[in-house]
Amino acid sequence: MKGRHHEFTKQHGNGGRRAVLCLLLPPLLILIVLKTDFLPQAVHVRETGFTRFKEDVVHKVSSLGLDSGRWQQQSLDPEKPEFAKDVAEAPTIMSKVACNFSNRHSDYCAMEGDLRIHGKSGRVYVVSSSTIGPENSTITLRPYTRKWEAATMSRIREVEIRSSPPAPHSFVIPPKCTVRHDVPAVIFSTGGCGKNFFHAMSDLIVPLYITAHEYNRGVQLLITDYNAHWVTKFRPMLAALSMYPVIDADADTAVRCFPAVRVGLESHRILGIDPALSRNGYTMMGFRDFLRSVFSLQRPWTAPVSRSSGQKPRLVFVLRRHSRAVTNEADAIATLADIGFDVVAAGPEDVKDMAQFGPVVNSCDVMVGVHGAGLTNMVFLPHNGTIMQIIPWGNLRYACHYDFGEPVPDMGLRYVEYEVTAEETTLKDKYPRDHPVFADPRSIERMGKVWDVYLDGQNVTLDIDRFRGVMQQVYQSITTE
């Protein structure tokens, strides 16, 4: 008996142990899954005949890929934000990325699918991308709209778009969603414009309108190089484009998941929109209607004023201080009043509050001012209004017309310009008439001193008789008998 029992144990002991292991293996696997939070993807390994089944997972990873993915997820930020909560992962879907790097003003990318944004690290993860291969799985761009200006763009923080291919080719686990949004996102930078109203409108607000208005306020705005002053100043416009508070992406530790994301803003031209390039055929007249709605402006159009009625067309004179100021502004204002205009004089302290100054401009038929950011307020004029730009000395006509003359027709406005002569600039008190400042302005441009000499270094003393002649023509064009 002892021999038989020994023989039985020798023959069947291993089978018994296998039976015990089979009983213990399922709970052991469950414990591993719960402890590691990792569910392997279904993949058939023909060489071994072993099959593993996928259960709501994103990627198959090797042990090296798993370690890499965990390190990546943990390295984003060790502190979980108070407002964030764990969100269940969505089923695997295919993602798409399309970028435009040919636009002169800006680079931008549009994505849809499983998209995860970690603002603090400046990364957008495109999970299971079907359009980006391993050779170009990482894209970086600076989401600002003055691509041709190296100095400006150097101040803009890069956003990195990381695309992972569909399983089984992916070896990186993207960070898990902590906040899930059911609306698209738009990412852009406020790092380039500073406090300049012209750049704020031309570089950001108009492109933001082109990019985000189509969502009918159902879009989340995320800002890099976050400028709190800019956000406060333009909050009425931001609120009209998005019903959600803007997010300071640089300080955001959450992993936010979106069904669609746009990185960078579409921009067509300076202070303008090209309807042929706009996905929705937007126009600058439509943009100005948008502004009129934002600020509840009352006048959509101007109408000719009858001179015999005793009414006066209203004119706002945008005045500057420190540079490009009109030194004889009192005489100029008196001349305008004598011609027949109801004149509103607006200094820098008056124009800084859009909510107050927008209605003032909208009540006027004409705006006058020396070239500068204050003329950007022409966006608040009623349709068919007139903008008159005074161009300083220094061969600046082309540049000034490019900024404020070319955009005017698409806005539904009329444009007049007054180019200052050498006798009307205060530069004549600084330089002799044979100096290159007068004799060869292009040489000043070649030396890179246009800003210092012609823009920041001169004021204007208008030839009142000449100024009167130009403004009388404007008066005649907007009035009837």
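Residue indices begin from 1 for each chain and proceed along its sequence in written order. Given that the model is predicted, a residue must reach a pLDDT of at least 70 before its local features are reported, and side-chain atom pairs must reach 80 or more before they are shown or counted; all residues, however, enter totals for whole chains, interfaces and linings. Note: side-chain values were computed over all heavy atoms of the structure, leaving out hydrogens and water.

The protein chain is annotated in an unreviewed UniProt entry as Glycosyltransferase 61 catalytic domain-containing protein of Urochloa decumbens. UniProt positions are given in the numbering used here, feature names are shortened, and annotations may be inferred rather than shown by experiment. Per UniProt, the comment on the protein chain under Subcellular location (unreviewed entry) is "Golgi apparatus membrane". In its Pathway (unreviewed entry) section, the UniProt entry covering the protein chain states "Glycan metabolism."

Visitor: So, empty space enclosed by the protein: which residues are in play, and what are the values?
Guide: One water molecule sets the probe size; rolling that probe over the atoms shows where empty space is left. For cavity detection a 1 Å grid was placed over the protein atoms alone, and a set of points counts as a cavity when a 1.4 Å probe fits there but cannot get out; an open set counts as a pocket when protein lies on both sides within 12 Å along at least five of seven lines, with lining residues being those that have an atom within 4 Å of a point. Grid points are joined across faces, edges and corners, and a volume is the space filled by probe spheres set on the points. For the structure on display, the rule yields two cavities of 30 Å³ or more. In this structure, the largest cavity encloses a volume near 70 Å³. In terms of lining, the largest cavity is formed by I117, H118, G119, G122, R123, V124, R157, V159, I187, L222, T224 and A249. Residues belonging to the lining of the largest cavity are distributed by class as follows: six nonpolar, four polar and two charged. When its volume is computed, the second largest cavity comes out at roughly 60 Å³. Every residue along the wall of the second largest cavity is listed here: R288, R292, L297, R299, P300, N362, V379, F380, L381, P382 and H383. The residue classification treats Ala, Val, Leu, Ile, Met, Phe, Trp, Tyr, Cys and Pro as nonpolar and Asp, Glu, Lys and Arg as charged. All others, Gly included, are polar. Partitioning the lining of the second largest cavity into residue classes produces six nonpolar, two polar and three charged.

Visitor: Could you give me a rundown of the state of the cysteines, with the residues and numbers involved?
Guide: A covalent bond between the sulfur atoms of two cysteines is referred to as a disulfide. Here, two cysteine sulfur atoms that lie within 2.5 Å of each other are counted as a disulfide. Applying the stated rule across the entire model yields two disulfides. Each sulfur of the disulfide joining C99 and C109 lies 2.0 Å from the other. Residues C99 and C109 share a disulfide whose torsion about the S-S bond is about 110°; that sign makes it right-handed. Of this pair, C99 sits in strand β3 (residues 96-100) while C109 sits in strand β4 (residues 108-118), placing them ten residues apart in sequence. On the accessibility criterion, C99 (30% relative accessible area) is partly exposed. Throughout this description, buried means an accessible area under 20% of the type-specific maximum (1.4 Å probe, protein chains only), exposed means over 50%, and partly exposed covers the range between. By relative accessible area, C109 is classed as buried at 1%. Each sulfur in the disulfide pair C177 and C257 lies 1.9 Å from the other. Linking C177 and C257, the disulfide has an S-S dihedral of approximately -95° and is accordingly described as left-handed. One end of the pair, C177, is in the loop between β7 (159-163) and β8 (179-180); the other, C257, is in strand β12 (residues 255-263), and 80 residues separate them in sequence. Of the two residues, C177 and C257, both sit in the buried class. Only DSSP runs of H or I with at least four residues qualify as helices, and only runs of E with at least two residues qualify as strands; both kinds are numbered from the N terminus onward.

Visitor: How would you summarise the nonpolar core if you had to cite specific residues and measurements?
Guide: Counting 59 residues, the largest nonpolar core has M201, W230, F287 and M378 as its most contacted members. In this description, contact between two residues means that some pair of their heavy atoms is separated by no more than 4.5 Å. When near neighbours in sequence (up to four residues on either side) are disregarded, W230 contacts F188, T190, C193, G194, A200, L204, I205, I223 and L238. Buried Ala, Val, Leu, Ile, Met, Phe, Trp, Tyr and Cys residues form a nonpolar core when they are joined through side-chain atoms within 4.5 Å. Residues L319, I339, I444 and V474 belong to the second largest nonpolar core, which totals 35 residues.

Visitor: So what about helix α4 (residues 197-212)? Which residues, and what values?
Guide: Two residues of an α-helix separated by three or four positions point the same way, owing to the 3.6 residues in each turn. The element α4 is extensively covered by neighbouring structure, given that 15 of its 16 residues are classed as buried. Its side-chain oxygen 3.0 Å from the backbone nitrogen of F198, N196 forms the N-cap of α4. By the criterion applied in these results, polar contacts are pairs of N or O atoms within 3.5 Å in which, for protein atoms, one can donate a hydrogen and the other can accept it, and in which residues neighboring in sequence qualify only through two side-chain atoms.

Visitor: Could you give me a rundown of the packing of aromatic side chains, with the residues and numbers involved?
Guide: Two rings from Phe, Tyr or Trp (for Trp, the six-membered ring) form a pair when their centres sit within 6.5 Å of each other. Planes less than 30 degrees apart are called stacked, planes more than 60 degrees apart edge-to-face, and all others tilted. Per the stated rule, a full pass over the model turns up 13 aromatic pairs. Each ring, one from W393 and one from F438, has its centre 5.9 Å from the other, and the planes form 35°; the classification is tilted. Residue W393 is found in the loop between β17 (386-391) and α11 (397-405), and its partner F438 is found in helix α12 (residues 436-439); the two are separated by 45 residues along the sequence. The class of F438 is buried, set by a relative accessible area of 9%.

Visitor: Give a detailed account of the packing of helix α8 (residues 329-339) against helix α15 (residues 464-477), specifying residues and quantitative values.
Guide: Only the contacting stretch of a helix is used when fitting its axis, a line to C-alpha atoms as for every element, and angles between N-to-C directions run 0 to 180 degrees. One can describe the packing of α8 onto α15 by two numbers: an axis separation of 10 Å at closest approach and a directional angle of 35°. Where α8 crosses over α15, the two elements pack in a sense that is right-handed. Contacts between α8 and α15 involve D331, A332, T335, L336, D338 and I339 from the first element and I464, F467, R468, M471, Q472 and Y475 from the second. Taken together, the residues of the contact of α8 with α15 sort by class into seven nonpolar, two polar and three charged. In a left-handed crossing the near helix is turned counterclockwise from the far helix by less than a right angle, and in a right-handed crossing that turn is clockwise.

Visitor: Now, about the pairing of strand β6 (residues 138-141): what can you tell me, with residues and values included?
Guide: Across the two faces of β6 the burial differs, with I139 and L141 buried and T138 and T140 not buried at all. For β6 and β7, the ladder comprises four bridges, and the chain directions are antiparallel. Of the residues in β7, the one forming a bridge with T140 is E160. Think of it this way: DSSP has to see at least two bridges between two strands before they count as a pair.

Visitor: Report on the pattern of salt bridges, specifying residues and quantitative values.
Guide: Just to be clear on terms, a salt bridge is a Lys or Arg side-chain nitrogen sitting within 4 Å of an Asp or Glu carboxyl oxygen. Here the structure, examined in full by the defined rule, presents 25 salt bridges. The closest approach of N and O atoms between E424 and R466, which form a salt bridge, is 2.6 Å. Of this pair, E424 sits in the loop between β18 (414-419) and α12 while R466 is found in helix α15, placing the two residues 42 residues apart along the sequence. Residue R466 is classed as partly exposed on the basis of its relative accessible area of 33%. If you follow the salt bridges from partner to partner, you end up with E214, R262, E266 and R279 in one network.

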